[in-house]
Amino acid sequence: MNVRSQVSMVFHLDKCIGCHTCSLACKNLWTDRPGTEYMWWNNVETKPGTGYPTLYEDQEQYHGGWVVEDGKLRLKLGSRPTELVNISFNPRLPTLDDYYEPWTYHYKELIEAGPGDDQPVAKPISMITGEEMEIEAGPNWDDDLSGSPIYAENDPNLRKVMNEEERRQFFELQQLVYFYLPRICNHCLNPSCVAACPSGAIYKRGEDGIVLVSQEKCQGWRMCVSGCPYKKVYFNWNTGKAEKCILCYPRLETGQAPACMHSCVGKIRYLGVLLYDADRIEETASKPDAELVDAQREIILDPFDPKIIRKALADGVDQKVVDAAQRSPVYKYVKAWRLALPLHPEWRTLPMLFYVPPLLPVTATLTAQGRHELDPNFFSSLESARMPVRYMASLFTAGDERMVITVYKKLLAGRIFKRAQTVGDIPMERASQALEEAQLTEREVEEIYHLTALAAFEEMFVIPPMLREVAIQMGVDPHEFQEERGAGFVQLPARGL
Amino acid sequence: MDGFLFIAFPYIALILAIGVGIYRRRRRPYTYSSLSSQILENRKLFWGSVPWHYGITLILLAHLFAALFPGLAGWVLGGRIRLLVLELTGIALAFYALFGLIVLIIRRLPSNSRVRHATSYMDGILLGFFLIQVATGLGIAIFERWGSLWYLRTAVPWFWSLVKLHPEIATVTSLPGIVKLHFVLGFAIILLFPFSRLVHLVMFPLQYLWRPYQVVVWNRRGRKVTAESTEVMR
Ligand code: HEM
Ligand code: SF4
Ligand code: SF4
């Protein structure tokens, strides 16, 4: 066993209102430079939908992530020699048309237009060419289904789990249902972006597991973009370097939550540290599809187990990090309550961002009075759910419906129980029965309820001390940087000739 | 004039290429990149980049091989059939590269294209130099027959004399103008190397074939973080 710590996240999808505040917080902070306009390190997509970049989930097209062949993990992108052969032209690279061409407007035309018969309009201009352009796509073009079922209908997950007739029924107006899926880099345990980089420029930080691109080592071979199945590495066309979500590490190192999480309006985001066994990464990622989620839960270690604590300290994990792991909201959602699931575990990168799948609007039904009612048979609504559980399973459990139902039963039982307790229109015995069926205790429900609905900032973001300043102090003379423009990157990030 | 072109200029080009190349790698590593524009435009790049790179890399390797091992190269080219086959292969590769290069140039021309806006002056200069260089190379191959053979007797001794710091330019000064142009342009391109995206060439990531898939970087491995030192910081 080799104990390491990983900063991980949980997004509670029932709470996401699709406001994109997170995306804007991130954009304003990190990606408003030339070359990064089209990048959304944090994006929010409507599901079902084709996502951003379009159809990124279709790995037959993009060849991202890992596959198991003869019991061995290998990149779906191809062998190492194949990658080198394809280096001057990468056949699996999405282009700007798969994302969208970023634009702004000729605002001047509004101010400077002379008198005339018509209102002046600000024409859209491309942020790349500066020419007028026709806007044909955006990073959230299919927001709220975009008034058209086209995007939803082409969702690769939906195509996988429903035939044409079922899809037709699904798109009947009363049936129509969607939810939001906010995505950032998953800071995976088995990142395929790292493995795909020919220069070895992408690395995982040992202490906190944040995955970063060394801007100095990156040579612009752009294999990582194809390698990441989540398409969370982007290519800066201006500087010729790959860039990705940095989990706001400068904020984390100073004890602040990442900007997307700090600004989240729905308070859907949780951040905490997990201890895991680094010796079992490859073994875990090689499991058959059906065992992947459980194996990923297994690799996460119990921070209360004295044996594990001893080993963690011996392996160089700081006591303070262990303390933080014990208070981690992520540990609770993922391991203790088993409510949060990884997105597309079948891509085998062992993503460290977990999602509590949305119960509503999946199971909500409206009665004639327009009132939301719980089915008296507790869980029967799962079979008649508006969004088939199959769909959720293809997103979060590599197709295992039972695992999704287990989570849904817990979420529903919690609701039934709290409703019995606070509204009182459900008898308490029936609520207890539901809890029993979902294998939850009252105490657990109260804890889940608290962390889901009432938690304060410090409970949602348990940031371990990163001790970077200590490490720097020991390794580098702090005076070394006094003459320069501060520690770190002191050159202008300008494109080479 | 010949003295400058075939003695001074090659030395200047080589010294700058190595010196500036190393300086740039050490002190300005951020500027090293292939500066890929594939994200902006994909289709033309396929028809341009693939022929260009396969063509030019093989031709360049042939030049290098013959310069480093003239004896071996002479033996290989000794047979009539082998000579013919190799010359024809070379010409085919040059046409292949030229085709790719022209596509690459056309790709960057239209003023409303995305790649045009990601094109620096140096990109333009580089593509222009390559165009002339490949064209003269092809011209020599077609009109100044059996270049692969006389290359061994003219240019290669000159290279080695430069390496030995004992420049002997007699073997090259009497060559036709087009050949001399090709030689001088070759060193001009070496001169451009550290000042352009050509630096990507020496960064070819061969080590990818054996490096472990995962890369983990530790900040404080090996240096023990003591309780006191962490206390100070909190
Ligand atoms: C050693 C192996 C080489 C590799 C791996 C390599 C790789 C690359 C890559 C990835 C690009 C960017 C293509 C894109 O836009 O996506 C590129 C562009 C380019 N390479 Fe190479 N290259 C190699 C050798 C060479 C050689 C030998 C030359 C010429 C002497 C060369 C000249 C160029 C030029 C001129 C471009 C710019 C093309 C354009 O976008 O207009 N490369 N190369
Ligand atoms: S989500 Fe993609 S970019 Fe992020 S660590 Fe995983 S493979 Fe790499
Ligand atoms: S800020 Fe929060 S609620 Fe709003 S879209 Fe982002 S994740 Fe959802």
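Scroll up for the structure.
In what follows, the accompanying structure is described.

**Here's the deal with the overall build of chain A**
For chain A, the count of helices and strands is 23 helices and 15 strands. Taken against the 2.2 N^0.38 rule, which gives 23 Å for 497 residues, the C-alpha radius of gyration of chain A at 24 Å falls within 12% of a compact globule. The burial tally for chain A puts 58% of its 497 residues in the buried class. Taking as baseline every contact in chain A between residues at least 6 positions apart, the subset at least 24 positions apart corresponds to 71%. Taking the average location of the 54 positive side-chain charges in chain A and that of its 69 negative ones, the two points are 4 Å from each other.

**Here's the deal with the sheet that holds strand β9 (residues 211-213) of chain A**
The strand order across the open sheet built from 3 strands is β9(A)-β8(A)-β1(B), with neighbouring strands paired in mixed fashion. In this open sheet, the two strands that pair with only one neighbour each are β9 of chain A together with β1 (216-217) of chain B. Relative to β1(B), strand β8 (residues 202-205) of chain A runs parallel, the two sharing 2 bridges. If you follow A:K204 over to β1(B), its bridge partner there is B:V216.

**Concerning helix α5 (residues 121-143) of chain B**
Residues and elements named next belong to chain B. With 23 residues, α5 extends 33 Å between its outermost C-alpha atoms, agreeing within 8% with the 33 Å of an ideal straight helix rising 1.5 Å per residue. All of the buried residues along α5 are M122, D123, L126, L127, F130, Q133, V134, T136, L138, G139, I140 and A141. Residues of α5 that are buried sit in contact with α2 (43-68), α4 (80-108), α6 (147-153) and α9 (177-192).

**Considerations on the coordination of the iron atom of ligand 1**
All names here are of chain B. Coordination of the iron atom of ligand 1 by the protein is provided by H53 (NE2) and H200 (NE2), with metal-donor distances spanning 1.9 to 2.1 Å. Bound by 6 donor atoms, the iron atom of ligand 1 shows angles of 83 to 179° at the metal and therefore octahedral coordination geometry. Of this pair, H53 sits in helix α2 while H200 is found in the loop between α9 and β1, placing the two residues 147 residues apart along the sequence.

**A closer look at the site of ligand 1**
Taken together, the neighbourhood of ligand 1 is formed by 22 residues, with B:S36, B:S37, B:H53, B:R108 and B:H200 sitting nearest. Nearby residues place ligand 1 at the junction of chains A and B. At a separation of 2.8 Å, an oxygen atom of ligand 1 approaches a polar side-chain atom of B:R108. Contact distances for ligand 1 include 2.8 Å between a nitrogen atom and a side-chain N or O atom of B:H200.

**Brief notes about the environment of A:A257**
Among the structural elements, A:A257 can be located in the loop between α10 (249-252) and α11 (259-263). Since its relative accessible area comes to 4%, A:A257 is described here as buried.

**Quick notes on the sheet that holds strand β1 (residues 3-12) of chain A**
All names here are of chain A. The strand order β13-β12-β1-β15-β14 describes an open sheet built from 5 strands, whose pairing is mixed. Each of the sheet's edge strands pairs with one partner strand only, and the pair in question is β13 (300-301) and β14 (341-342). Alignment of β1 against strand β15 (residues 353-356), held across 4 bridges, turns out to be parallel. Residue pairing for β15: H12 is matched across the bridge by V356. Relative to β1, helix α14 (residues 306-314) is tilted by about 115°, and along the sheet it contacts β1, β12 (269-277) and β13. Lying on the sheet, helix α16 (residues 329-336) is in contact with β1, β12, β13 and β15; it crosses β12 at an angle near 70°.

**Description of the pattern of salt bridges**
For the structure on display, the rule yields 30 salt bridges over all chains. Here A:E60 makes a salt bridge to A:K76, at a shortest N to O gap of 3.3 Å. Of this pair, A:E60 sits in helix α2 (residues 59-62) while A:K76 is found in the loop between β4 (72-75) and α3 (80-85), placing the two residues 16 residues apart along the sequence. Its relative accessible area of 58% is what places A:E60 among the exposed residues. Between A:E447 and A:R443 there is a salt bridge whose closest N-O contact spans 3.2 Å. Of this pair, A:E447 and A:R443 both sit in helix α21 (residues 442-454), 4 residues apart, which is roughly one turn of the helix. Judged by relative accessible area, A:E447 falls into the partly exposed class, the value being 30%. Through salt bridges with shared partners, a single ionic network connects A:R495, B:R108, B:D123 and B:R197.

**What about the site of ligand 2?**
Within the structure, ligand 2 sits among A:C185, A:N186, A:H187, A:C188, A:P191, A:S192, A:C193, A:V211, A:C228, A:Y230, A:V233 and A:K244. When grouped by side-chain class, the residues that make up the shell around ligand 2 number 8 nonpolar, 3 polar and 1 charged.

**Concerning the interface of chain A and chain B**
With 73 residues of chain A in contact, the opposing surface of chain B contributes 62 residues. Note on chain A versus chain B: buried area summed over both sides is about 6,100 Å², and carbon and sulfur give 57% of it. Taken as a group, A:R80, A:F89 and A:L497 account for 13% of the area that chain A buries against chain B, more than any other trio of residues on that side. Between chain A and chain B we count 3 salt bridges in total. We note a salt bridge from B:R114 to A:D97, for which the minimum N-O separation is 2.8 Å. Where chain A touches chain B, the interface holds 28 residue pairs in polar contact (both at pLDDT 80 or more). Looking at the side of chain A that touches chain B, the elements that each hand over two or more residues are α3, α8 (192-196), β8 and α23 (468-475) of chain A.

**Side note on the pairing of strand β3 (residues 66-69) of chain A**
Residue and element names in this part refer to chain A. With 4 bridges connecting them, β3 and β4 associate as antiparallel partners. In the sheet register, E69 faces β4, and the bridge partner there is K72. From the end of β3 to the start of β4, which pair antiparallel, there are 2 residues, and D70 there has a positive phi angle of about 50°.

**Some details on the nonpolar core**
Judged by nonpolar contacts, the single largest core of 143 residues is most densely connected at A:Y38 and A:M261. Not counting the four nearest positions on each side in its chain, A:Y38 is found in contact with A:Y52, A:L96, A:Y99, A:Y100, A:P102, A:Y234, A:F235, A:W237 and B:I39. Core analysis: the next-biggest nonpolar cluster, separate from the first, contains 28 residues, B:A17, B:V50, B:L126 and B:A141 among them.

**A look at the side chain of B:S37**
Residue and element names in this part refer to chain B. Looking at where S37 falls in the secondary structure, it is placed in the loop between α1 (2-27) and α2. Side-chain polar atoms of S37 contact the side chain of R108, separated by 3.5 Å. Those residues in contact with S37 that sit more than four places away from it in its chain are R107, R108 and V115.

**Some remarks on the environment of A:K232**
Residue and element names in this part refer to chain A. Tracing the backbone shows K232 in the loop between α9 (223-227) and β10 (233-236). Separated by 11 residues in sequence, K232 and E243 have C-alpha atoms that sit 8.8 Å apart. Not counting the four nearest positions on each side in its chain, K232 is found in contact with W40, W41, N42, N43, R183, I184, C185, E243, K244 and C245. A polar contact of 3.2 Å, which involves the side chain of K232, links it to the side chain of Y234.

Quick notes on the rules
- Residue indices begin from 1 for each chain and proceed along its sequence in written order.
- Each chain gets a letter, beginning with A, and each ligand a number, beginning with 1, in the order they are written.
- In view of the model being predicted, local features appear only for residues whose pLDDT reaches at least 70, and side-chain atom pairs are presented and counted only at 80 or more, with totals across whole chains, interfaces and linings using the full set of residues.
- Only hydrogens and water are set aside; all other atoms, that is, all heavy atoms of the structure, feed into the side-chain values.
- The secondary structure listing takes helices from DSSP runs of H or I that are at least 4 residues long and strands from runs of E that are at least 2 residues long, numbered from the N terminus.
- It is over C-alpha atoms that the radius of gyration is taken, and the globule rule equals 2.2 Å times the number of residues to the power 0.38.
- The buried label goes to any residue with under 20% of its type's maximum accessible area, the exposed label to any with over 50%, and the partly exposed label to all in between, with areas taken from a 1.4 Å probe on protein chains only.
- The contact criterion used throughout is that any non-hydrogen atoms of two residues lie within 4.5 Å.
- Charge counting treats Lys and Arg as positive and Asp and Glu as negative, with His and both chain ends excluded.
- Where a charge lies is defined by one atom per residue type, namely NZ (Lys), CZ (Arg), CG (Asp) and CD (Glu).
- By this definition, two strands are paired if DSSP reports at least two bridges between them.
- Here, expected helix span is obtained from the residue count minus one, scaled by 1.5 Å.
- Donors, by definition, are the N, O and S atoms found within 2.8 Å of a metal, the threshold being 3.2 Å for Na, K and Ca, and water is not counted, so a site can look incomplete.
- A four-donor site is called tetrahedral if each angle lies between 85 and 135 degrees; a four-donor site is square planar, and a six-donor site octahedral, when trans pairs exceed 155 degrees and the remaining angles lie between 65 and 115; all other cases are labelled irregular.
- Whether a residue is near a molecule or strand is decided by its heavy atoms; if any one of them lies within 4 Å of it, the residue is near.
- Polar contacts here mean pairs of N or O atoms no more than 3.5 Å apart (in protein, one a potential hydrogen donor and the other a potential acceptor; neighbouring residues in sequence count only if both atoms are side-chain atoms).
- Axes, fitted as lines to C-alpha atoms, cover a helix only where it is in contact. Angles between the N-to-C directions of the axes lie from 0 to 180 degrees.
- One side-chain nitrogen of Lys or Arg within 4 Å of one carboxyl oxygen of Asp or Glu is enough to make a salt bridge.
- Three classes are used: nonpolar for Ala, Val, Leu, Ile, Met, Phe, Trp, Tyr, Cys and Pro, charged for Asp, Glu, Lys and Arg, and polar for all others, with Gly counted as polar.
- Once two parts are put together, the accessible area they lose, assessed with a 1.4 Å probe and summed over both, is termed the buried area.
- By convention a nonpolar core is built from buried Ala, Val, Leu, Ile, Met, Phe, Trp, Tyr and Cys residues, the set being connected through side-chain atoms within 4.5 Å.

Geometry only, nothing functional implied.
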